[in-house]
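Structural features, examined
Chain residues, written in single-letter form:
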Amino acid sequence: MLELSPSLLSADFTNLKSEMEVLDKNGVKYLHLDVMDGMFVPNISFGPMIIKQLRPLTNMIFDVHLMIEDPDRYVQNFKDAGADILTVHYEACKHLHRTVSYIKSLGMKVGVSLNPATNIDVLDYVLEDLDLVLIMSVNPGFGGQSFIPSAIDKIKNLKAKIRERNLNVIVEVDGGVKTTNVKDVIEAGADLIVSGSDVFADKENRIRAYKEIFKNYEK
Ligand code: DX5
Ligand code: ZN
């Protein structure tokens, strides 16, 4: 697969409904929802209450990225809010295997995200249990930051590991991705591309531009 998951963090929050309609109308299948708690990351965004209100407005797949400490406390709330994919941070979980099992037991797809400084090897013993790995290409907390170049090798190494082990795990990449650098991210092995500030700067045109680029890599 190769799909775009626009990050709502860069949307106009006074017009979320119409922002989402534009994505829907332009054939976007995934919506990336960034949840920040002011503890794991130095910023606070929104939580399950907002996601629940957005849920009836679209059929897009809700790709929820939890940047919160001890996420087990809120897994049920995000299930009730309508999350389809629930991604937690490796760095925020004391018992990652337990968290992963818990999310799956509620019928959601499960992802684990790695900060830029975290080695992919930490996932060796849970990789086969995951639906998705989210590689952060910025330090989480804010939209509009610059892509950290070392993420490219990390994506390549993760993809190689997934292939070697013959697993079916989606590689998602998040942070600083733009139409100008997305080719490198795709060629490194990304399947699901998060883009926030770049998409929302000029929604229809950028979505079209991403789709044009994706066509060259149809898998
Ligand atoms: C960063 C978030 C990202 C962010 C991406 O902490 O996880 O999803 O919104 O925004 P851009 O694409 O602007 O880097
Ligand atoms: Zn994110």
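Here the residue numbering is sequential within each chain, running from 1 through the sequence in written order. The lettering of chains begins at A and the numbering of ligands begins at 1, in the order of writing. Thresholds applied to this predicted model are a pLDDT of at least 70 for local features of residues and 80 or more for the giving and counting of side-chain atom pairs; totals over whole chains, interfaces and linings are not thresholded and use all residues. The basis for every side-chain value is the complete set of heavy atoms in the structure, and neither hydrogens nor water enter the calculation.

Looking at an unreviewed UniProt entry, one finds the protein chain named Ribulose-phosphate 3-epimerase and attributed to Parvimonas micra. Here is the UniProt Pathway (unreviewed entry) comment for the protein chain, exactly as written: "Carbohydrate degradation." UniProt positions are given in the numbering used here, feature names are shortened, and annotations may be inferred rather than shown by experiment. Taken from UniProt, the Function (unreviewed entry) comment for the protein chain reads in full: "Catalyzes the reversible epimerization of D-ribulose 5-phosphate to D-xylulose 5-phosphate."

A short note on helix 1 (residues 16–25)
Accessible area is worked out with a 1.4 Å probe on protein chains only. A residue is then buried under 20% of its type maximum, exposed over 50%, and partly exposed in between. Runs of H or I in DSSP of at least four residues are treated as helices and runs of E of at least two as strands, each being numbered from the N terminus. All of the buried residues in helix 1 are L16, E19, M20, V22 and L23. One face of helix 1 carries all of its buried residues, which in axial projection span an arc of 150°. Seen from the buried face of helix 1, the exposed residues on the opposite side, beyond 90 degrees, are K17 and K25. Throughout, a residue-residue contact means that at least one pair of heavy atoms, one from each residue, lies within 4.5 Å. Where the residues of helix 1 are buried, they touch strand 1 (3–6), strand 2 (30–36), helix 2 (48–54), strand 3 (61–67), helix 7 (197–201) and helix 8 (203–215). Phi turns positive, to about 75°, at G27, one or two residues after helix 1. Here, the arc refers to the directions that run from the helix axis to the C-beta atoms.

Points about the nonpolar core
Only buried residues count toward a nonpolar core. Its members are Ala, Val, Leu, Ile, Met, Phe, Trp, Tyr and Cys residues joined through side-chain atoms within 4.5 Å. Of all hydrophobic cores here, the largest spans 62 residues; its most connected members are V64 and I193. At five residues, the largest contribution of residues to this core is made by helix 5 (residues 151–164). What V64 contacts, discounting residues up to four positions off in sequence, is L33, V35, I51, F78, A83, I85, L86 and T87. The next biggest cluster of nonpolar side chains, apart from the first, holds eight residues, and it includes L132, L134, I170 and L192.

Description of the site of ligand 1
Around ligand 1, 20 residues are found, and the nearest of them are D34, G141, G144, D174 and S197. Measuring from an oxygen atom of ligand 1, one finds a backbone N or O atom of G141 at 2.7 Å. For the purposes of these results, a polar contact is taken to be a pair of N or O atoms within 3.5 Å, where, inside protein, one atom must be able to donate a hydrogen and its partner to accept one; residues adjacent in sequence count only when each atom of the pair is a side-chain atom. The separation between an oxygen atom of ligand 1 and a polar main-chain atom of G196 is 2.8 Å. For ligand 1, whose free accessible area comes to 380 Å², the fraction covered by protein is 100%. Mapped by element, the contributors of at least two residues to the shell around ligand 1 are strand 2, strand 3 and strand 8 (192–195). At three residues, strand 2 tops the list of elements feeding residues into the shell around ligand 1. Three classes are used: nonpolar for Ala, Val, Leu, Ile, Met, Phe, Trp, Tyr, Cys and Pro, charged for Asp, Glu, Lys and Arg, and polar for all others, with Gly counted as polar. Residue composition of the shell around ligand 1, grouped by class: seven nonpolar, eleven polar and two charged. Any residue with a non-hydrogen atom lying within 4 Å of a molecule or strand is treated as near it. In this description, accessible areas are obtained by the Shrake-Rupley approach with a 1.4 Å probe, and a residue is regarded as covered only by the protein chains that are shown.

Re the UniProt feature "active site" (unreviewed entry) in the protein chain
The UniProt record marks D34 and D174 with the feature "active site" (unreviewed entry), using the residue numbering of this structure. The greatest C-alpha distance among the residues just named is 10.5 Å, despite their covering 141 residues of sequence, which places them together in space. Within the fold, D34 resides in strand 2. Apart from the residues within four sequence positions on either side, D34 is in contact with S7, L9, S45, F46, H65, M67 and D174. A polar contact is formed between the side chain of D34 and the side chain of H32, at a distance of 2.9 Å. Its location among the elements puts D174 in strand 7 (residues 170–174). Looking at D174, its side chain comes within polar contact range of the side chain of H32, at 3.1 Å.

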